[in-house]
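Inside the fold
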Amino acid sequence: MSKDMRRSYRISLFALLALGLASTAGLAAAEGEWTMTGRTYDLQRFSPLEKINAKNVANLQAAWSFSTGVLRGHEGNPLVIGKVMYVHSAFPNIVFALDLTKPGAPMIWKHVPAQPADTIPVACCDVVNRGLAYHPSGKLFIELLAGDLLALDAKTGKQLWRTKNADYKEGSTMTNAPIVIKDLVIAGISGGEFGVRGRVTAYDVNSGQEAWRAYSTGPDSEVKIGPDFIVNYPSHKGKDLGVSTWQGEEWKRGGGTTWGWYSYDPELNLFYYSTGNPGTWNPDQRPGDNKWSMTIFARNPDTGMARWAYQMTPHDEWDYDGVNENILVSLPVGGQTVKALVHFDRNGFGYTLDRTNGKVLVAQPYGPGVNWASSVDLKTGVPTKNPKFGTTAKNNTEKICPAAIGYKDQQPAAFSPKTNLFYVPTNNICMDYEGVEVKYAVGQPYVGAIVRMYPGPGGNRGRFIAWDASKGKVVWEIKEPLAAYGGALATAGGLVFYGTMEGWLKAVDAKSGKELWKFKTPSGIIGNPMTFLAPDGKQYVAVLSGIGGWAGIGVAAGIGAEDPTAGLGALGAFGDAGSFTNQGGVLTVFSLPERVASK
Ligand code: CA
């Protein structure tokens, strides 16, 4: 366990003790909990539990299951706080509290938020939700697809407040898991395919009052770039780049939405997130770098002011949203231990940055045959693009790797401080891409490209890899026939869990990648496995299944595979997913049988 992690355990435990909510079991209880989306602020998705381990995992069996009653894609993972598990669903974003003290975990309460049905077609890539956030005063938060941030009383499930953050009638929806930092809850927006101007907004956890808002595009005053902003690269230097790197007023429709995972470093008091594609996918309509789309931001959570920013894909031509998770670890790089931030981008590069200042230390492809850029220049921070695979509305560019859906999309990676390796669920998909001239209309799709996706090098559509972020190298890989479109979990038991689009939950050896166990859940997995200690003292592993998201949109929304460009190109790659799995929305929970567990 890293020093940073120990500190964050202590902080969360002190917070709980101060409020009289912690159990008398002390630190052991906190180790068995999962109180925020990535378990800890660093998004490592690592659990110190080791009762289930490489020696006994072959005996793992289903203990109980729970249907959310919703059949669209289920991303994210439940939380476990004290003796209660909190589960969320896809639209209409139902929240359930389950009692872990009783066999089969019966329901304590269920909250069904009222949401208009005409929100559904405004979500580009299924009506997913990536999960809940929790404040130790007993409040749960969920972003509603229609654009409201909802606060619930964790004890009763009653609404505490509900505030409008985005308007689905203008094309902006909400799908990501918010983050709670001190007494603020920070929410993002989706809608990069609807000409939405991305932003993050912080609200007071008690009142729901807005504390600050920071945009991804526009003048520095609205992006919240001030005198403290660190500039490392010439292309990041200058005033109001969020306006000047766009043509005309295109920045107002400039995308840069904020639908990914958020991390936080309490010591540096910086929170990290990144932004999506620039609006419209047709690059001819927006010459320039299009800042600050495709950018990792570090911000002060108290004020929203940016500390640094790094744009991974200037002038995107491929819909390589930069929103994937930013995992915080201490790593040896070039003979020094660095406070690192590790990010596996949709564009196929795995980045290791110094998270104190935003300098890129390592940038190497983690997938095969990345061809839109040959490398990332560490001096300038700029990728060396290959014009052969650039896109335009003048012609159809073929055989671009990776595809728009990325060699990795939202499915979050995990890190084990025991092996110092990252465990990354990936897609292996390439594409043809043709820009299309498009006119903006409020609340209407603003896509501007025709995309066809298909399997990448080797023909397998997914890979699960172990990655050394100090060197930027794949250590081992497992080929998957479909995408590994669910998240990863690493444990002190020497295990890594991940899910596949067919619905397999697999456990592999963290060192070798050897498969040790698998179970076929009722539907394709696009959610993230997690683990916890229940009041009975046993360790459990849980995962949501429920095919959907961008990769699974065909099955989730009942779209046929006749047109390979349907589902923004996903049907070309995953049109046969319905022959592997069916719709569902089920949480499956696993444990060891008594004879093995008590050994
Ligand atoms: Ca996008």
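All figures in this text were calculated on a predicted structure; none of them were measured in a lab.

1. Here we look at the overall build of the chain
Counting its regular elements, the chain contains seven helices and 38 strands. Principal-axis analysis of the C-alpha atoms places the extent of the chain at approximately 65 × 55 × 50 Å. Relative to its 599 residues, the chain shows a buried fraction of 66%. The contacts of the chain with a sequence gap of at least 6 include a subset with a gap of at least 24, amounting to 62%. Here the chain has roughly 19,600 Å² of accessible surface; of this, 53% comes from carbon and sulfur atoms. Distance from the positive charge centre (58 side chains) to the negative charge centre (53 side chains) of the chain: 6 Å.

2. Examining the state of the cysteines
Scanning all chains against the criterion turns up two disulfides. Disulfide pairing places C124 opposite C125 at an S-S distance of 2.0 Å. With the S-S bond torsion at -100°, the cross-link from C124 to C125 turns out left-handed. Judged by relative accessible area, C125 falls into the buried class, the value being 15%. By sequence order of its bonded cysteines, the chain has the disulfide arrangement 1-2, 3-4.

3. Remarks on the pairing of strand β23 (residues 373–376)
Strand direction decides the pairing type here: β23 and strand β24 (residues 383–385), joined by three bridges, are antiparallel. Each bridged residue has a counterpart across the sheet, and for S375 the counterpart in β24 is T384. The antiparallel pairing of β23 with β24 creates a hairpin that spans six residues between the two strands, and G381 there sits at a positive phi of about 80°.

4. Brief notes about the coordination of the calcium ion
Surrounding the calcium ion are the protein donor atoms E193 (OE), N277 (OD1), D319 (OD), D321 (OD) and D321 (OD), at 2.4 to 2.9 Å. Ordering the donors of the calcium ion by residue number gives the pattern E-x83-N-x41-D-x1-D. Of this pair, N277 sits in the loop between β16 (270–274) and β17 (295–299) while D319 sits in the loop between β18 (306–311) and β19 (326–333); the two residues are 42 residues apart in sequence, bridging distant segments of the chain.

5. Side note on empty space enclosed by the protein
One pass over the structure, following the stated rule, counts two cavities of 30 Å³ or more. In this model, the largest cavity occupies a volume close to 270 Å³. Among the residues making up the lining of the largest cavity, the classes are represented as 10 nonpolar, eight polar and eight charged.

6. Side note on the pattern of salt bridges
Scanning the model with the defined rule gives 26 salt bridges in all. For the salt bridge of R346 with D321, the shortest nitrogen-to-oxygen distance reads 2.9 Å. Of this pair, R346 sits in the loop between β20 (336–344) and β21 (349–354) while D321 sits in the loop between β18 and β19, and the two are 25 residues apart along the sequence. The class for R346 is buried, based on a relative accessible area of 1%.

7. A short note on the pairing of β20
Along a regular strand, successive side chains alternate from one face of the sheet to the other. Both β19 and β20 contribute to a ladder of eight bridges, which runs antiparallel. From the neighbouring strand, S330 faces β20, where its bridge partner is K339. Connecting the antiparallel pair β19 and β20 is a turn made up of two residues, with G334 showing a positive phi of about 55°. Pairing analysis gives five bridges linking β20 to β21, with the strands arranged antiparallel.

8. Section: the packing of aromatic side chains
Enumeration according to the criterion identifies 34 aromatic pairs in this entry. Judged by centre distance (5.9 Å) and plane angle (75°), the ring pair of F229 and W292 falls under edge-to-face. Of this pair, F229 sits in the loop between α3 (220–223) and α4 (241–244) while W292 sits in the loop between β16 and β17, and the two are 63 residues apart along the sequence. With centroids separated by 5.0 Å and ring planes inclined at 75°, the aromatic side chains of F519 and F590 adopt a geometry described as edge-to-face. Taken together, the residues F519 in strand β35 (residues 515–520) and F590 in strand β38 (residues 586–591) connect sequence positions 71 residues apart.

9. Description of the nonpolar core
F422, M453 and W550 are the most contacted members of the largest nonpolar core, which has 75 residues in total. Not counting chain neighbours up to four residues away, the residues in contact with F422 comprise I327, V329, L331, V342, F344, A414, F415, I465, A466, W467 and A469.

10. Notes on the side chain of N93
Following the sequence through the fold, N93 ends up in the loop between β4 (84–88) and β5 (95–99). Only 2.6 Å separates the side chain of N93 from the side chain of Q115, close enough to count as a polar contact. Once you skip the residues sitting within four places of it in the chain, N93 turns out to touch H111, P113, Q115, N129, I142, E143, L144 and L145.

11. Details of the sheet that holds β4
On the basis of which strands lie adjacent, the open sheet formed by four strands has the order β3-β4-β5-β6 and antiparallel pairing. Both outer strands of the open sheet, β3 (79–81) and β6 (107–111), are each paired with one neighbouring strand and no more. Averaged over all pairs of adjacent strands, the angle between strand axes in this sheet comes to 20°, irrespective of strand direction. With three bridges joining them, β3 and β4 adopt antiparallel strand pairing. For V80, the partnering residue across the bridge sits in β4 and is M85.

12. A look at the sheet that holds strand β25 (residues 397–400)
Pairing is antiparallel in the open sheet, where three strands are placed in the order β25-β28-β29. The open sheet has two free edges, formed respectively by β25 and β29 (449–455), since each of these has just one partner strand. Here the strands of the sheet are splayed against their neighbours by 20° on average, with no regard to which way each runs. Sheet topology places β25 next to strand β28 (residues 429–435); two bridges connect them, and they run antiparallel. Its bridge partner lying in β28, I400 is registered against M431.

13. Considerations on the confidence of the model for the chain
Residues of the chain with pLDDT of at least 70 account for 95%, and the chain-wide mean is 95. Segment residues 1–27: pLDDT under 50, and 37 contacts once partners within four positions in sequence are set aside and those in other chains are kept.

14. Description of the environment of G548
Following the sequence through the fold, G548 ends up in the loop between β37 (539–545) and α5 (553–557). The exposure class of G548 is buried, given its relative accessible area of 0%. Linking G548 and Q583, residues 35 residues apart in sequence, is a C-alpha distance of 7.9 Å. Setting aside residues no more than four positions away along its own chain, G548 makes contact with G73, D126, Y485, I526, I553 and A556.

15. Some points on the environment of D377
For D377, the location among the structural elements is in the loop between β23 and β24. When the C-alpha positions of D377 and V360 are compared, they lie 9.3 Å apart, and in sequence the two are 17 residues distant.

16. Focus on the side chain of D42
Take D42: it is sitting in the loop between α2 (27–31) and β1 (46–47). Among buried charged residues, D42 stands out as having no salt bridge; its nearest opposite-charge side chain is R39, 7.4 Å away. Only 2.6 Å separates the side chain of D42 from the side chain of T40, close enough to count as a polar contact.

What counts as what
Residues numbered from 1 in each chain as written. Predicted model: local features only at pLDDT ≥ 70, side-chain atom pairs only at ≥ 80, totals over all residues. Heavy atoms only, no water. Helix = DSSP H or I, 4+ residues; strand = E, 2+ residues; numbered from the N terminus. Buried < 20%, exposed > 50% of the residue type's maximum accessible area, 1.4 Å probe, protein only. Contact = heavy atoms within 4.5 Å. Areas by Shrake-Rupley, 256 points an atom, 1.4 Å probe, with all protein chains shown as cover. Lys, Arg positive; Asp, Glu negative; His and termini not counted. Charge placed at Lys NZ, Arg CZ, Asp CG, Glu CD. Disulfide = S-S within 2.5 Å. Pairing = 2+ DSSP bridges. Donors = N, O, S within 2.8 Å, 3.2 Å for Na, K, Ca; no water. 1 Å grid on protein atoms, 1.4 Å probe; cavity = no way out; pocket = protein on both sides within 12 Å on 5 of 7 lines; lining within 4 Å. Points joined across faces, edges and corners; volume = space filled by probe spheres on them. Nonpolar A, V, L, I, M, F, W, Y, C, P; charged D, E, K, R; others polar. Salt bridge = Lys/Arg side-chain N within 4 Å of Asp/Glu carboxyl O. Phe/Tyr/Trp six-rings, centres within 6.5 Å; stacked < 30°, edge-to-face > 60°. Core = buried A, V, L, I, M, F, W, Y, C linked by side-chain atoms within 4.5 Å. Polar contact = N/O pair within 3.5 Å; in protein donor to acceptor, adjacent residues only side chain to side chain. Axes fitted to C-alpha atoms, helices over the stretch in contact; angles between N-to-C directions. pLDDT = per-residue confidence, 0-100.

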